[in-house]
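Spelled out from the first residue to the last, the chains are:
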Amino acid sequence: MPTIIRLAGAGLAAALSLTAATAGAGAAPAHADGPTVVRQRIVLDMAGNYPTEQNRLGVFSVSWRVLGAEDLAGPTHFTVDLPPGLTTGGAMFYSTPYDYTFTETVSPDGRHLEAVLDGNRRSGTEEFMKIPVVAEGTGPVTGAITARVANADDTVPTGHVRTHLLGIGPLPPLFAPPPRIDDVSATTGPGAGGTPVTFTGADLAGAMVLVDGVPAPGSCTDTACTVTTPGGSGSAAVTVVGPGGTVQAPAAFDYTGAPPPLPPAPALSGLNTPSGPVGGGTAIIVTGHDLAGGAVSFGSRPAARHSCGPQLCTATAPAADRTGPVGVTVTTAGGTSAPVGYTYTP
């Protein structure tokens, strides 16, 4: 992911222009045809030691909770915007096990951070990234720090924007309106990727652009997203995923010419648990390389849950029809690995 050169709209004015959410985090309104359904999948928060007039160094955390009955799947996008006079060199994120990829970029002025966490996060998971910051100059440290989160599977746009006013304290959780796309600068480009595309519209701060489900490198302000396309082939659906929801682009992106080469096929080196009951439910760790984004299977059956980083997958064995050995494999865009043996026991 390249260096970010555009800053998302942020600061006190932007924060106060949003409406405070009054509904309980994670609950959607009740409908006439059924009870209240908990649909929210991720909730954001901030806390820490912020810089002061006496101490110009600070470290705060942006934390999140995964809610709902299923894993939170696909890329989760975070942005953090700092006020003038405050800078960061990047976030620290060390959640274990390493069954995910985490990428981040910081704008040249050190005031805008973007990060993407790609992996299936189990419901009930609580994670955080720490962000060291430095206040320039002397005197009071003021302004707004705003953090945003977006994931296409989260359809309830509450708990996705948090703002802390330096020297004052946190604002209530903020409600983000749904993004809007009015125009797209380009809809075709080579299969190798790298085509610059600008999406103009409204309420795009904190959003990410997905091309056929893959995050496009770049950044969004409140009125525009400027990205470069990843590699691909054929006609690819384009969506813009923001803290306030997901919107389909007016047109697909049509790749021309040869697609990029496939990534290396995954290769497995072993399992930490070689067996488990035929009823399933055994949690295992799969090790190897080129596993990122993969899907784990036990024989012909997909794992009950899985998440894969570059060198490690976590998975839960599904139930089987009978006892005996099966092959555990990981499948990515590069192909399917050779199997590693796992035995179902009575």
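Anything mentioned here points back to the structure above.
Residues numbered from 1 in each chain as written. Predicted model: local features only at pLDDT ≥ 70, side-chain atom pairs only at ≥ 80, totals over all residues. Heavy atoms only, no water.

Counting secondary structure elements, the chain contains 1 helix and 33 strands. Per-residue burial over the chain gives 49% buried out of 346 residues. Partitioning the contacts of the chain with sequence separation of at least 6, the portion at a separation of at least 24 is 64%. Working note: accessible area of the chain is about 15,200 Å², and carbon and sulfur atoms make up 57% of it. (Helix = DSSP H or I, 4+ residues; strand = E, 2+ residues; numbered from the N terminus. Buried < 20%, exposed > 50% of the residue type's maximum accessible area, 1.4 Å probe, protein only. Contact = heavy atoms within 4.5 Å. Areas by Shrake-Rupley, 256 points an atom, 1.4 Å probe, with all protein chains shown as cover.)

Under the criterion given, the structure shown has 2 disulfides. In this model, Cys220 is linked to Cys225 through a disulfide, with the two sulfur atoms separated by 2.0 Å. Here Cys220 and Cys225 share a disulfide; its torsion about the S-S bond, 105 degrees, makes the bridge right-handed. Overall, Cys220 belongs to the buried group, its relative accessible area being 2%. Looking at Cys225, the relative accessible area reads 0%, which means it is buried. (Disulfide = S-S within 2.5 Å.)

This next bit is on the sheet that holds strand E2 (residues 42-49). Read from one edge to the other, the open sheet built from 4 strands follows the order E2-E3-E8-E5, with strand pairing classed as antiparallel. Only two strands of the sheet have a single partner each, and these edge strands are E2 and strand E5 (86-87). (Pairing = 2+ DSSP bridges.)

Further remarks concern a nonpolar patch on the surface. A surface patch of nonpolar side chains, about 420 Å² in accessible area, is lined by Val59, Met92, Tyr94 and Tyr98. With respect to the helices and strands, the residue Tyr94 is situated in the loop between E5 and strand E6 (101-106). (Patch = residues over 30% accessible without salt bridge, like charges linked within 9 Å, V, L, I, M, F, W, Y side chains within 5 Å. Salt bridge = Lys/Arg side-chain N within 4 Å of Asp/Glu carboxyl O.)

What follows is about the environment of Ala319. Structurally, Ala319 is set in the loop between strand E30 (312-316) and strand E31 (324-332). The spacing of Ala319 and Thr282 is 37 residues in sequence and 9.4 Å in space, taken between C-alpha atoms.

Counting buried residues in strand E9 (residues 144-151) gives 8 out of 8 residues, a clear majority hidden from the surface. Every second residue of E9 is oriented toward a common face, with Ala144, Thr146, Arg148 and Ala150 on one face and Ile145, Ala147, Val149 and Asn151 on the other, all of them buried. Pairing of strand E4 (residues 75-81) with E9 involves 6 bridges; the strand directions are antiparallel. By the bridge assignment, Thr76 is partnered in E9 with Asn151. Two strands pair when backbone bridges link them, and E9 and strand E10 (residues 161-165) are joined in this way by 5 bridges, in the antiparallel orientation. If you follow Arg148 over to E10, its bridge partner there is Val161.

What follows concerns the packing of aromatic side chains. Per the counting criterion, the structure on display carries 9 aromatic pairs. By way of ring pairs, the aromatic residues Trp64, Phe78, Phe93, Tyr98, Tyr100 and Phe102 are connected into one cluster. (Phe/Tyr/Trp six-rings, centres within 6.5 Å; stacked < 30°, edge-to-face > 60°.)

With that out of the way, let us pick up unusual backbone geometry. Residues Thr96 and Pro97 are joined by a peptide bond in cis, for which omega reads 0 degrees. Mapped onto the secondary structure, Pro97 falls in the loop between E5 and E6. Here Asp212, not a glycine, exhibits a phi torsion of approximately 55 degrees, which is positive. By the element assignment, Asp212 lies in the loop between strand E16 (208-211) and strand E17 (214-215).

Here we come to the sheet that holds strand E13 (residues 180-184). Strands sit in the order E13-E15-E19-E18 across an open sheet of 4 strands; the sheet is antiparallel. Pairing within the sheet leaves two strands with one partner each, and these edge strands are E13 and strand E18 (218-220). Direction aside, neighbouring strands of the sheet carry axes that sit 20 degrees apart on average. Both E18 and strand E19 (residues 224-228) contribute to a ladder of 3 bridges, which runs antiparallel. (Axes fitted to C-alpha atoms, helices over the stretch in contact; angles between N-to-C directions.)

Now for the nonpolar core. One finds Phe60, Val62, Val80, Met129 and Ile145 to be the most contacted residues of the largest nonpolar core, which totals 29 residues. Going through the elements one at a time, E2, strand E3 (57-66), E4, strand E7 (112-118), strand E8 (126-135) and E9 are the ones with two or more residues in this core. (Core = buried A, V, L, I, M, F, W, Y, C linked by side-chain atoms within 4.5 Å.)

By the element assignment, Thr314 lies in strand E30. In this structure the side chain of Thr314 is engaged in a polar contact, spanning 2.6 Å, whose partner is the side chain of Asp99. Look past the residues within four positions of Thr314 in its chain and what remains in contact with it is Pro97, Asp99, Ile284, Ile285, Arg305, His306 and Ser307. (Polar contact = N/O pair within 3.5 Å; in protein donor to acceptor, adjacent residues only side chain to side chain.)

Residue placement: Arg121 occurs in the loop between E7 and E8. Residue classification places Arg121 among the buried residues on the basis of a relative accessible area of 5%. Along the primary structure Arg121 and Tyr100 are separated by 21 residues, whereas in three dimensions their C-alpha atoms are 8.8 Å apart. Beyond its immediate chain neighbours, meaning those up to four positions away, Arg121 contacts Val66, Asp71, Leu72, Ser95, Asp99, Tyr100, Glu127 and Ser307. Within the local environment of Arg121, its side chain forms a polar contact with the side chain of Asp99, the two groups lying 3.4 Å apart.

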